[in-house]
Amino acid sequence: MGITASQTILKNADGVLPGKGGVIDRDGKKVAIYRDKDGKIKMISARCTHMGCIVHWNGAENTWDCPCHGSRFDINGKVINGPAERDLEKVE
Ligand code: FES
């Protein structure tokens, strides 16, 4: 796939600027955070539902992309492209 760049895992959501996404570590769980332009945060599991790799924020497309086999998810975690068939999981 050629998408092998590693990403920085943030400690908390403070580093996620409005209109952007980032992955944080919350008690050992990787959580995908998207902050909208009004500062509201959406949180979903960053673990790809295909085989468990950690998705990356794609700021050009506003999607969550998996570096392992190329699955892509929208801001709400809905599958856009497989091989993943299930949406990213919700987190509390
Ligand atoms: S683990 Fe994400 S596409 Fe395979």
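Residues numbered from 1 in each chain as written. Predicted model: local features only at pLDDT ≥ 70, side-chain atom pairs only at ≥ 80, totals over all residues. Heavy atoms only, no water.

**Comments concerning unusual backbone geometry**
1) Next: Geometrically, the link from Gly-82 to Pro-83 is a cis peptide bond, its omega value of 15° lying close to zero.
2) Next: Topologically, Pro-83 is positioned in the segment after β8 (79-81).
3) Next: Its identity as a non-glycine residue notwithstanding, Asp-27 has a phi of 50°, on the positive side.
4) Next: Along the chain, Asp-27 turns up in the loop between β2 (20-26) and β3 (29-35).
5) Next: Backbone geometry at Asn-62 places phi at a positive 55°, although glycine is not the residue there. (Helix = DSSP H or I, 4+ residues; strand = E, 2+ residues; numbered from the N terminus.)

**Thoughts on the packing of aromatic side chains**
1) Next: Going through the model one piece at a time under the given rule, you end up with two aromatic pairs.
2) Next: Both rings, one in Tyr-34 and one in Trp-57, keep their centres 5.4 Å apart while their planes meet at 40°; by these two values the pair is tilted. Here the residue Tyr-34 occupies a position in strand β3, and Trp-57 occupies one in strand β5 (residues 56-58), the gap between them amounting to 23 residues. Judged on exposure class, the residue Tyr-34 and its partner Trp-57 are both buried.
3) Next: Put simply, the rings of Tyr-34, Trp-57 and Trp-64 touch in pairs and so form one group of aromatic residues. (Phe/Tyr/Trp six-rings, centres within 6.5 Å; stacked < 30°, edge-to-face > 60°. Buried < 20%, exposed > 50% of the residue type's maximum accessible area, 1.4 Å probe, protein only.)

**Things to note about the pattern of salt bridges**
One side chain can pair with another of opposite charge once the charged atoms of both are near each other.
1) Next: For the structure on display, the rule yields three salt bridges.
2) Next: Note that Arg-72 and Glu-61 form a salt bridge whose closest N and O atoms lie 4.0 Å from each other. Of the two residues, Arg-72 is situated in strand β7 (residues 72-73) and Glu-61 in the loop between β5 and β6 (63-65); the sequence distance between them amounts to 11 residues.
3) Next: Judged by its relative accessible area of 21%, Arg-72 falls in the partly exposed class.
4) Next: In this structure, a network of salt bridges that share partners links the residues Glu-61, Asp-65 and Arg-72. (Salt bridge = Lys/Arg side-chain N within 4 Å of Asp/Glu carboxyl O.)

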